[in-house]
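So you can see what is in the structure, the chains are spelled out below.
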Amino acid sequence: MLLIRCPYCETERPELEFRYGGEALLERPKDPALVSDDAWTAYLWTCKNPKGPHAERWRHVHGCGRFFNAARNTVSDLIVSTWRVDDSPPANFDGGGA
Amino acid sequence: MTQPFRLPSGGRIDRARVLRFSFDGRAFEGHPGDSLASALLANGVHLVGRSFKYHRPRGIVSAGSEEPNALVTIDRGAGRMTPNLRATQIELYDGLVATSQNRWPSLEFDIGAIGQFASRLIPAGFYYKTFLWPPRAWKHLYEPLIRRAAGLGKAPGEPDPDTYAHQFAHCDVLVVGGGPAGLQAALAAAAQAESVILCDEQPEPGGSALHDPARASELSDLLAKLRALSHVRILQRTTAFGMFAQNFVALAQRLSDHIEPSAASGPRERLWQVRAKRIVLATGAIERPLVFPGNDLPGVMLAEAARIYANRFCALPGKRIVIATSADSAYEAAGDLRRAGAEIVAIVDAREGRPIADDFNVIAGAIIDTKGRARIEGCTVQLADGSTLPVDCDVLLMSGGWTPNASLLSQARGALRFEPILQTFVPDVLPPGISCVGACAGDLRPQGDASRPIHPKAFVDFQNDVTSADIALAVREGFRSIEHIKRYTTNGMATDQGKTSNLNAMMIAAAERSVAPQDIGATTFRPPYTPVTFGTFAGASRGELFEPVRRLPSHQWAKAHGGVFEDAGQWKRVSCFARPAETMRDCVNREVLTVRKKVGVFDASSLGKIELAGPDAVDFLNRIYINDFSALAIGRCRYALMLHESGVVLDDGIVARLAEDRFHITTTSGGIGHVLQHMEDFLQTEYTDLRVWLTDVTEQWATFAIQGPLAGNIVQSLLPDAGLSQASLPHMSLRELVWNGSDLRLMRASFTGEAGFEINVPSVQGAALWDTLVDAAERLDGCAYGLEALNVLRAEKGYIIVGQETDGSVTADDLGYGKMVGARKGDFVGKRSLSLPHLAAKGRKQLVGLLPLQLAQTFEEGAQITQAPHPASGTHALGHVTTAFWSATLDRFIALALLEDGRARIGQTLHVPMPAGAIAVQVTSPVFFDPDGSRLRG
């Protein structure tokens, strides 16, 4: 069971308190009506699924209820850092591969 | 004479007390301190089981948790029968009842053993190659037959009466293993750490020192020091069985299985979930068997195991002993066994560099055959010059050297490397925070390697009956990776996970492939280290405590009035309220007709409820639902649909406007969790500009529906001063009132097609209001109705249920609700997807009604719909039935369905194939009753 630091509660809590929320740092088009079918479909369904650092969303669902972002290494399964949705990713985070 | 092989003195057993036990119905005696295995050996019993595949007679091989053969069933009374326990780990108690497994009719004479004459016919991959065709035969013929013939113990049938506990713990240092290295490590850690936990799978600490009289004082000294430290916790009978991320370790502690059942109390086992800053693995090493033909006969044991039985348990495995070895440690065993009274007939050492031991008959050579049927009687030694020498014996001990016990390290993703000097794999790269000490770290006596002949009776994995010939065959057939060889031969895949067999299998595979051992690599160990009972994992989460139960405010009333309960998620909902001698169908029909003709009351409190507040509430709703709420007046309600971003229907409900900036929202009963998650997700991460707050008020409001032509009478009598009329409270409007001193939210809304209301009161008032409503309804010849009647009533009106008419592929237009999409408003969740080609395409499945042409015919929800009554195999279905009910109102069977181009097919005759034959159906509008909605206005 992973230990995850909630950046809002500022405590490290067991994974049981959290719910996974999929890939992070995805930008919903400002006006979806203006994007092509392909671009919209890619936004909906195309995931990075990298080997290594991965930016993902978690929700402290059995705590403060907030969504936040986490950098998890998909090889070691360790969460390297977490940050609030309105903060920037850590400087050394490479963005989760291509 | 009892216990003929018991030594007269020494060891760690209490000869002053006699324990009686039975094995396969035969009575034996032993002493406190015995394991079942040691007590059997003291009584001269070696044959304890039959093997998994070939039913070969098998004996005790080891003295610990690595035991592959000696699996038995322990019966501690009704519901307390445990199969597949290792006799080497079972502590003897008075009255213990053990039985052997996988034999019929008896251990000595086993019908299944006939299989061993055919053993050459069951090589690796046999099942994959043989039972291929026809496919049905696998399920009905081959698998049941194989399962009956090959197997382990039988699972108990009765409920488990024992209790199990869970405990979380945090510590600075967790030491796994209570041998000398582990005890030293715990003592060293205690000098700096604030908290230390040491867990050990044995009944008492000491590990290898327990059978080494020379280390007795060192051991008692260490233990005295450790026990004086209050911040060191020692857990005996506790197996660390799983290593997880960030030093999270699962321990299974056995609390009462070693006590006779009548004296045992408290939990049977405890699951510890330990988070440790550092972990020290002191798990020791496991002795390897040697691979030679007939190495599985009872009486063939590991050399150190024999030493343990003699020194610690004072049970001499045999009197004429031959030792085959490639490790120095076997010479110590030889010395101790001779001192205990056994004759060491010969030590057969495979190594060039064997030690000088003039006082033993040391032979340079290897065992090439054994003699005996259910017990070894002798063996054949091949000497260095190639000549052979027959030797008689009653026990043959083997030691192929030692392998560090790296199961937990492997689980923690540590890496091993092959150490040529020791001819085994030792820890190499350790994960952060984990260290290894003692034999586990590769601190071993000199040892070498012995040959592993390829032979169909030279066993590698005793528990899964895998031989060296099987592994050679897998390599010949092209398997290269040791992980694939493992899966194909099943070597190391039994309950013992190949603790004694994996290294031999790797070495054989390496030799057959002509590659170096380090290039073939080691297989991965997985949790659990040894089997763990389901009870340990379940803990207290059984029966009523398995999951929280959510009860409706009317629960007690329903229990007293024939309520038939059904589970809907965590909710206990009521299907119907059956009167005496009433069948369920009659009951549902009565409830449906009562609602249509008089009035019915329904407890809808499980509906999800959200209170939405904030100045941007309308904006938020417009972005989350497909409807346009800009023009929704205060006090009015709207039926609303919510889409997933992919355009499919996610949920539906009613949105009621309480004030300029305040809304009361309902969701489906099962949907509240993910609907709120969905809303919060967009609010927190996309629509961060909106000032809106969401609160789940499902538990705060009790909700009752009052439906039927007389519904207005009930509401009028309940709230006489509210001045309610069709004009002041029209359909789909809401009023906040006071009843019995509490807030009340009254909504005119209907999920039945009848004139109706939904009343919300604070949950604490729920039971009182329910009683009042039922009382009022009954005075008007009305009744309470349940979920079944509700489903019929809404189906008659073609109202959908999300999750019944929708399945994650259905859009609003598919349901006929396309016009609800707010045309004038901007973007909302899912809107962009509605114009994607696959959602906008023609030929999508649409909601329709189906009526069987013959009134008596019925079919099931989920049934397929086809053009022809008997379509050719491979024809794709046009759609499927989503809802099917007997309609009491219409006195006929009705169904809703999703059908390709459904709205264009209204009037067509199609077919629903059922096992008894196809049923012809007419496609209709989904609204079967009161299509113009005149009844809604009462």
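Note that the coordinates shown come from a computational prediction; the quantities given were computed from them, not determined experimentally. (Residues numbered from 1 in each chain as written. Chains lettered and ligands numbered in written order. Predicted model: local features only at pLDDT ≥ 70, side-chain atom pairs only at ≥ 80, totals over all residues. Heavy atoms only, no water.)

## A look at the overall build of chain B
Then, in step 1: Along chain B, the regular secondary structure elements total 21 helices and 47 strands.
Then, in step 2: By its C-alpha atoms, chain B is 115 × 70 × 60 Å across when sized along the principal axes.
Then, in step 3: Across the 938 residues in chain B, those meeting the buried criterion constitute 57%.
Then, in step 4: Once local pairs closer than 6 in sequence are excluded, the contacts in chain B between residues at least 24 apart make up 66%.
Then, in step 5: A total accessible area of about 38500 Å² is found for chain B, and carbon and sulfur atoms account for 54% of it.
Then, in step 6: Of note, chain B has its 94 positive side-chain charges centred 2 Å away from the centre of its 100 negative side-chain charges. (Helix = DSSP H or I, 4+ residues; strand = E, 2+ residues; numbered from the N terminus. Buried < 20%, exposed > 50% of the residue type's maximum accessible area, 1.4 Å probe, protein only. Contact = heavy atoms within 4.5 Å. Areas by Shrake-Rupley, 256 points an atom, 1.4 Å probe, with all protein chains shown as cover. Lys, Arg positive; Asp, Glu negative; His and termini not counted. Charge placed at Lys NZ, Arg CZ, Asp CG, Glu CD.)

## Some thoughts on the interface of chain B and chain A
Then, in step 1: On the chain A side, the residues contacting the 27 residues of chain B number 26 residues.
Then, in step 2: Where chain B meets chain A, there are 4 salt bridges.
Then, in step 3: Across the pair Arg832(B) and Asp37(A) runs a salt bridge, and its minimum N-O distance is 2.6 Å.
Then, in step 4: At the boundary of chain B with chain A, the tally comes to 15 residue pairs in polar contact (both at pLDDT 80 or more).
Then, in step 5: Of all elements in the fold, only strand 13 (269-281) and helix 17 (672-685) of chain B reach the threshold of two or more residues within the side of chain B that touches chain A.
Then, in step 6: For the side of chain B that touches chain A, the leading source of residues is helix 17 of chain B, giving 6 residues.
Then, in step 7: The residue inventory of the side of chain B that touches chain A, partitioned by class, reads 10 nonpolar, 9 polar and 8 charged. (Salt bridge = Lys/Arg side-chain N within 4 Å of Asp/Glu carboxyl O. Polar contact = N/O pair within 3.5 Å; in protein donor to acceptor, adjacent residues only side chain to side chain. Nonpolar A, V, L, I, M, F, W, Y, C, P; charged D, E, K, R; others polar.)

## Here we look at unusual backbone geometry
Residue and element names in this part refer to chain B.
Then, in step 1: Cis rather than trans, the peptide bond between Pro527 and Pro528 has omega equal to 0°.
Then, in step 2: Among the secondary structure elements, Pro528 is positioned in the loop between helix 12 (517-520) and helix 13 (534-538).
Then, in step 3: Even without glycine at this site, Gln423 takes up a positive phi of about 55°.
Then, in step 4: Examined against the element boundaries, Gln423 turns out to sit in the loop between strand 23 (415-419) and strand 24 (424-429).
Then, in step 5: Its relative accessible area of 18% is what places Gln423 among the buried residues.
Then, in step 6: Here Asp891, not a glycine, exhibits a phi torsion of approximately 55°, which is positive.

## A look at helix 7 (residues 329-339) of chain B
Residues and elements named next belong to chain B.
Then, in step 1: With 8 of its 11 residues buried, helix 7 lies for the most part within the structure.
Then, in step 2: Residues of helix 7 that are buried include every one of Ser329, Ala330, Tyr331, Ala333, Ala334, Gly335, Asp336 and Leu337, and no others.
Then, in step 3: Positive backbone phi, approximately 115°, marks Gly341, located one or two places after helix 7.

## Focus: the sheet that holds strand 5 (residues 71-75) of chain B
All names here are of chain B.
Then, in step 1: Strands sit in the order 2-1-7-5-6 across an open sheet of 5 strands; the sheet is mixed. Strands with a single pairing partner mark the edges of an open sheet, and in this sheet they are strand 2 (26-30) and strand 6 (81-86). Across the sheet, the axes of successive neighbouring strands diverge by a mean angle of 30°, strand direction being ignored.
Then, in step 2: Alignment of strand 5 against strand 6, held across 4 bridges, turns out to be antiparallel. Paired with Leu71 across the strands is Arg86, a residue of strand 6. (Pairing = 2+ DSSP bridges. Axes fitted to C-alpha atoms, helices over the stretch in contact; angles between N-to-C directions.)

## So, the domain arrangement of chain B
Then, in step 1: Under the domain assignment, chain B is made up of domain 1 (164-282), domain 2 (548-605 + 698-787), domain 3 (607-695 + 811-834) and domain 4 (842-936).
Then, in step 2: Taking the mean C-alpha position of each, domain 1 of chain B and domain 3 of chain B sit 56 Å from one another. (Domains from an automatic or database assignment.)

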